[in-house]
Amino acid sequence: MDEYNSLAAKICAEKIRAAYSRGRPAHFLIGAGCSISCGIPTAQGILSLIEKRFPNSFNNLPEEDRKNYRKAIDLLPRNERRDLIISITEEAKISWGYLALARLLEKGYVDAVLSLNFDQQLQIACSLVGFSPAIYDIAATKTVNTNYLVFPSIIHLHGQSYGFIQLNTEKENRDHSKNIKPMLDFSLSNSPLFAIGYSGESDNVFQTIQKQYDGAEYLTWLGHESSPRPHLNKILTHPAADYLGNIEFDAFMVSLAIELNEWPPMIVTRPLERLKSFIDNISTFRPGADQQSIDLKYFSKTKIEQMDHDWNKDYGRLPKFEQSILSMNFDDIVKRFERSRNKHGVLSSPFHRNIVSWSYSEVSYKLWVAVANGKIEEKGEKAATLKKSLRNINKAISIEEKNDYLNNKINIFILLYHITKKEKHLKSALELYWGTPHRKRSDKMGYNIISAYSEMYKIRKDGRYRKKVDEIWNGFGEFGKSKPYNYICFLSVVNDIEGCKNMFLHAAENGKLPDKDYIGNDKDLENVRKERWFQSTLKAMP
């Protein structure tokens, strides 16, 4: 789990607990970003499908509309749109994020989920945890009376894939605004609302939220981007509204469920017991009005009980290890592995090798975060903690050499430099990066190594570093291009003011910058701090 999702989960858990104690369980507003890991494409993914299936119609759209989901979907007749949506959703999987959200619905921490998605993945997840919320389809009703709502509930604002109506086009959504307004008013006025997987740029829902939100309860926007996009700036001026960036739905929701002590669900820890409870809910069968009932589920129950008995007999000691994995207790996994008398046997299993290396990496990362976030104050203790972090990441790499582990090691070297001011740590980071075969270098590694070059330039003033950094930046794929901040800082450090300006303004416009306080305190930006464009952009940020 990365620090962004873990920290966001702690912040949100605190809000949710406080609201729960006041009798006001949280509401969630979920968008397309929540279903990506289920295999369901975002609006941009659907645009690509439309372009592929209907190239002539798509190419007749004005250039500026070809990235507009509402305009592109309007090209299709209603039945074609419906068939497209069903084809996208019917083969989708259930994500861990939806299982976590279903668990919070079941336990009452979340009272309502307002869904902008057509899929039924959350409903299915609720079934898996053994819980059946009320389901409402606002698109299929002409009026919404919140007095008749039953909670907990899942409320589809724009329809369902198999529903009578799915709202796609700009006109459909505009006409529907008056119907969803009472539901949004109710949520904003009565419960803390957490928006996740939803940019707020594709429909009229955000405009309604912006008009109606008055700060009665917390409004927390959980975004994929590092910083909020400009259209969110106004609503974030409310004292009770905030933005948490770099969020991944699955990682955040599982972290949140862990923080609220509601993870993992029984379906993954005790699946046979959960299955037995499903079977137990089936009534006995009566062949006729005057005949005795027969328990036809006897055979199913007997098979499940036998399977459970056999599993406990053969693998009775495993549930503790399973529990550690499913609850993300990485320290315990590492301790159990190091106490094992059969380490070779454990690592001979690809699954367990992956789990053990991942656990060493997470233990290393937790130590790094403790230093990076200032939880440790004494310089010697910081260095000792980072060296312990380095030992753990080396163990992870010795088991499985993954890009993420190499990236973590680079970050440890860079932070060691900031603590000790020893240039050798920066050199170790650079040697690790360039010593990694090109096919194994990730954009994440390149993103972080650019910050190492910034520090090396401050020491050496070597103009050749610019060529190296440009080579890295120009070689970035989609992930790297979406994270321009370290490159912006490097351009400032080497005094390329115009280049820094262009990159900074573009990043600000597209929500690619960290928060205002971080930028304001970043010494790498000293060379541009007095520039008017820098000051005005920083001032406009929430």
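Residues numbered from 1 in each chain as written. Predicted model: local features only at pLDDT ≥ 70, side-chain atom pairs only at ≥ 80, totals over all residues. Heavy atoms only, no water.

Engineer: Help me out: how do you make sense of a positive patch on the surface in this one?
Structural biologist: A cluster of basic residues, K379, K387, K421, K422, K424 and K523, forms a positive patch on the protein surface. Mapped onto the elements of the fold, K379 is located in helix α18 (residues 379-399). Using a relative accessible area of 52% as the deciding quantity, one classes K379 as exposed. (Patch = residues over 30% accessible without salt bridge, like charges linked within 9 Å, V, L, I, M, F, W, Y side chains within 5 Å. Areas by Shrake-Rupley, 256 points an atom, 1.4 Å probe, with all protein chains shown as cover. Salt bridge = Lys/Arg side-chain N within 4 Å of Asp/Glu carboxyl O. Lys, Arg positive; Asp, Glu negative; His and termini not counted. Charge placed at Lys NZ, Arg CZ, Asp CG, Glu CD. Helix = DSSP H or I, 4+ residues; strand = E, 2+ residues; numbered from the N terminus. Buried < 20%, exposed > 50% of the residue type's maximum accessible area, 1.4 Å probe, protein only.)

Engineer: Please explain the packing of helix α17 (residues 350-372) against α18 as it appears in this structure.
Structural biologist: Between two packed helices, the angle of one axis relative to the other and the distance separating the axes together describe the packing. In contact at an axis separation of 8 Å, α17 and α18 are set at 165° when each is read in the N-to-C sense. In terms of axis orientation, α17 runs roughly antiparallel to α18. Pair α17 / α18 crosses with left-handed handedness. Residues R353, V356, S357, Y360, S361, V363, S364, L367, W368 and V371 of α17 pack against K382, T385, L386, K388, S389, N392, I393, K395, A396 and I399 of α18. By residue class, the composition of the contact of α17 with α18 is 10 nonpolar, six polar and four charged. (Axes fitted to C-alpha atoms, helices over the stretch in contact; angles between N-to-C directions. Parallel < 35°, antiparallel > 145°, perpendicular 65-115°, else oblique. Left-handed = near helix turned anticlockwise from the far one by under 90°. Contact = heavy atoms within 4.5 Å. Nonpolar A, V, L, I, M, F, W, Y, C, P; charged D, E, K, R; others polar.)

Engineer: What exactly am I supposed to notice about empty space enclosed by the protein here?
Structural biologist: In this approach a probe as big as a water molecule rolls over the atoms, and the regions it shows empty are the leftover space. Under the criterion given, the structure shown has one cavity of 30 Å³ or more. By volume, the largest cavity amounts to about 40 Å³. Elements represented by at least two residues in the lining of the largest cavity include exactly α7 (121-128) and β4 (153-156). With three residues, the single largest contributor to the lining of the largest cavity is α7. (1 Å grid on protein atoms, 1.4 Å probe; cavity = no way out; pocket = protein on both sides within 12 Å on 5 of 7 lines; lining within 4 Å. Points joined across faces, edges and corners; volume = space filled by probe spheres on them.)

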